[in-house]
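Structure at a glance
Read off the chains here:
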Amino acid sequence: MSDATTRAAALLKEHRESIDRLDAILIYTLGERFKHTQAVGRLKATNDLPPSDPTREAAQIARLEDLANRADLDPEFAKKFLRFVIDEVIRHHEQHQS
């Protein structure tokens, strides 16, 4: 292997290790987030509150879009990601209502 190839392989390994650590952070963060949203779902069910809150959802999406712009992340991707998470949370809240 040439020196350039060896350096590239080392850099690739470092990037992949960072990606793996960040993936773990994402999964654990989502797990923690869902613990809180499950508690919210139970609270809503106990108090006869609706499983979704469109006003809060819209505010959260706008907030995330702003964060994405500041983080140099495609805001459309961030909105799609949050919409996916919100839809899953609502599904869980609806299950608590049953």
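Residues numbered from 1 in each chain as written. Predicted model: local features only at pLDDT ≥ 70, side-chain atom pairs only at ≥ 80, totals over all residues. Heavy atoms only, no water.

**Focus on unusual backbone geometry**
- Positive phi outside glycine occurs at Asp48, with the angle close to 50 degrees.
- Structurally, the position occupied by Asp48 is in the loop between α1 (3–46) and α2 (54–70).
- Within the chain, Asp72 stands out as a residue other than glycine whose phi angle is a positive 60 degrees.
- Counting through the fold element by element, Asp72 comes out in the loop between α2 and α3 (75–97). (Helix = DSSP H or I, 4+ residues; strand = E, 2+ residues; numbered from the N terminus.)

**Section: the confidence of the model for the protein chain**
- Per-residue confidence for the protein chain averages 93 on the pLDDT scale, and 100% of its residues sit at or above 70.
- For the protein chain, the element scoring lowest by mean pLDDT is α3, at 88; α1 scores highest, at 95. (pLDDT = per-residue confidence, 0-100.)

**A word on a nonpolar patch on the surface**
- A cluster of nonpolar side chains, Leu73, Phe77 and Phe81, forms an exposed patch at the surface whose accessible area comes to about 280 Å².
- As for its position among the elements, Phe77 is in helix α3. (Patch = residues over 30% accessible without salt bridge, like charges linked within 9 Å, V, L, I, M, F, W, Y side chains within 5 Å. Areas by Shrake-Rupley, 256 points an atom, 1.4 Å probe, with all protein chains shown as cover. Salt bridge = Lys/Arg side-chain N within 4 Å of Asp/Glu carboxyl O.)

**Comments concerning the side chain of Lys44**
- Mapped onto the secondary structure, Lys44 falls in helix α1.
- Here Lys44 sits buried without a salt bridge, and the closest side chain of opposite charge, Asp53, lies 5.8 Å off (N-O distance).
- Aside from chain neighbours lying at most four places away, what touches Lys44 is Leu49, Pro50, Pro51, Ser52, Asp53, His93 and Gln97. (Buried < 20%, exposed > 50% of the residue type's maximum accessible area, 1.4 Å probe, protein only. Lys, Arg positive; Asp, Glu negative; His and termini not counted. Contact = heavy atoms within 4.5 Å.)

**Some words on the environment of Arg7**
- Structurally, the position occupied by Arg7 is in helix α1.
- Measuring from C-alpha to C-alpha, the distance between Arg7 and Gly41 comes to 50 Å, with 34 residues separating the pair along the chain.

**Topic: α3**
- Spanning 23 residues, α3 covers 32 Å between terminal C-alpha atoms, matching the ideal 33 Å at 1.5 Å per step.
- Regarding α3, the residues found buried are Pro75, Ala78, Leu82, Val85, Ile86, Val89, Ile90, His92 and His93.
- If you follow the buried residues of α3, they end up packed against α1 and α2. (Expected span 1.5 Å × (residues − 1).)

**Examining the packing of α1 against α3**
- Contact geometry for α1 and α3: axes closest at 9 Å, N-to-C directions at 40 degrees. With respect to α3, the axis of α1 lies oblique. Read as a crossing pair, α1 and α3 show a hand that is right-handed. The residues of α3 that touch α1, namely those facing Leu30, Arg33, Phe34, Thr37, Gln38, Val40, Gly41, Arg42, Lys44 and Ala45, are Phe81, Leu82, Val85, Glu88, Val89, His92, His93, His96 and Gln97. (Axes fitted to C-alpha atoms, helices over the stretch in contact; angles between N-to-C directions. Parallel < 35°, antiparallel > 145°, perpendicular 65-115°, else oblique. Left-handed = near helix turned anticlockwise from the far one by under 90°.)

**Things to note about α1**
- If you check α1, its first and last C-alpha atoms are 64 Å apart, about what 44 residues at 1.5 Å a residue would give, namely 64 Å.
- Turning to α1, its buried residues are Phe34, Thr37, Gly41, Lys44 and Ala45.
- Against α3 lie the buried residues of α1.
- In the segment just after α1, Asp48 is the residue with positive phi, at about 50 degrees.

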